[in-house]
Amino acid sequence: MRRRPVQVLAPALAVAAALTLSACGENSPGGSSSAAVTSAKGGAYGDCKVSGTKGSVKLKTVESGTLTVAGDLPSRGWWNGNTVADIKSGFEYCLAANIAHRAGLEKLRIRNVSFDAMVAGKGSGYDLAMAEISITEERKKAVDFSSPYFASNIGVLAKPGKVTAENIRGLRLGVKQATSGAKFVQETVKPTKAAQVFPGDAEMLAALQGGRIDAVLTDTAIVLGQAKGSGGAVAVVGQYETGESYGALLPKNSANTAVVNGVLADLTSEGALDGLSKEYLGEALGGDPAAVPVWSL
């Protein structure tokens, strides 16, 4: 998949929900179900090769010698694996590894944290979060964002032949709690039936495949991966342009934001972000988001 000038998928404001941490998301950082640590070996973290000068930047981290990164884990193409402990590759995982390397940190800890907690600034115990998080003005009130590193739109995932641009407003739609896809459906699509809100991607996909909803609306890069994993049961039938972008999320007024921005700028100019996109997203997503038809309302 080609990486284009920031064109995003949209996770943003909650449509209705208490901003509480999921039980699996905020277990003890040492718990195998919620966190995993990889040590750098031979210039690599897990399956990720890194570039640039080790220790060329300095970060203030919650744990000495370790970059702790939160995510909504796993996520096909972004954080590859069946469990948190399995994750050793993916676009965001390897981006985190590159940041850790350039900061001279020997360990990369990843933690599973609920998406709504991250975007509300309710989580703690990590240095930054990367979970295909769209940068929005509303979220900036609670957290800091890095400069953008990826862009996409809101895709429509459905069983083939059932959903069109013309009939979507009258169907049963599913959205993920605290995402900009949820806000988009509520404020822009305005379906005749209230959208069903799900805590995570797995629950939402299960509802779609089980026939309890007709379509899922969330980030194009996310639903493309889900479509590929379904073996043809569902497909990305359309997308809406939103002009949003993904960025790393950091605590409000973090001393690390400018440093992370500098690393992202270097990785962009060196072609490293394009390389990560080509290596991890094209095959994982099963197609280029640019090839998905653009719908209008």
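Conventions we followed
Residues numbered from 1 in each chain as written. Predicted model: local features only at pLDDT ≥ 70, side-chain atom pairs only at ≥ 80, totals over all residues. Heavy atoms only, no water. Helix = DSSP H or I, 4+ residues; strand = E, 2+ residues; numbered from the N terminus. Buried < 20%, exposed > 50% of the residue type's maximum accessible area, 1.4 Å probe, protein only. Contact = heavy atoms within 4.5 Å. Areas by Shrake-Rupley, 256 points an atom, 1.4 Å probe, with all protein chains shown as cover. Axes fitted to C-alpha atoms, helices over the stretch in contact; angles between N-to-C directions. Parallel < 35°, antiparallel > 145°, perpendicular 65-115°, else oblique. Nonpolar A, V, L, I, M, F, W, Y, C, P; charged D, E, K, R; others polar. Pairing = 2+ DSSP bridges. Polar contact = N/O pair within 3.5 Å; in protein donor to acceptor, adjacent residues only side chain to side chain.

## Topic: the overall build of the chain
Helix and strand counts for the chain stand at 8 helices and 13 strands. Within the span of the chain, comprising 297 residues, buried residues form 54% of the whole. In the chain, the proportion of contacts linking residues at least 24 apart, taken out of those at least 6 apart, comes to 80%. When the accessible surface of the chain is totalled, it reaches about 11800 Å², and 50% of it is carbon and sulfur.

## Quick look at the packing of helix H6 (residues 220–229) against helix H8 (residues 272–285)
Between H6 and H8, whose axes approach to 7 Å, the crossing angle comes to 55°. Judged by the inter-axis angle, H6 sits oblique to H8. Along the contact surface, H6 presents Ala221, Leu224, Gly225 and Lys228, while H8 presents Glu283, Ala284 and Leu285. Split by residue class, the contact of H6 with H8 holds 4 nonpolar, 1 polar and 2 charged.

## Focus: the sheet that holds strand E8 (residues 150–158)
Read from one edge of the open sheet, 5 strands run E10-E9-E11-E8-E12, paired in mixed fashion. Both edges of this open sheet fall to strand E10 (196–198) and strand E12 (235–246), since each of them pairs with a single strand only. Each strand axis lies, on average, 25° off the axis of its neighbour in the sheet, ignoring direction. One ladder, built from 3 bridges, connects strand E9 (residues 173–176) with E10; its direction is parallel. Within the sheet, the bridge partner assigned to Gly174 lies in E10 and is Gln196. Strands in contact with helix H4 (residues 180–189) are E8, E9, strand E11 (215–219) and E12; relative to E9, the strand with the most contacts, it is inclined by about 140°.

## Regarding the side chain of Gln177
Assignment of secondary structure puts Gln177 in the loop between E9 and H4. At 2.6 Å, the side chain of Gln177 and the side chain of Asp116 are in polar contact.

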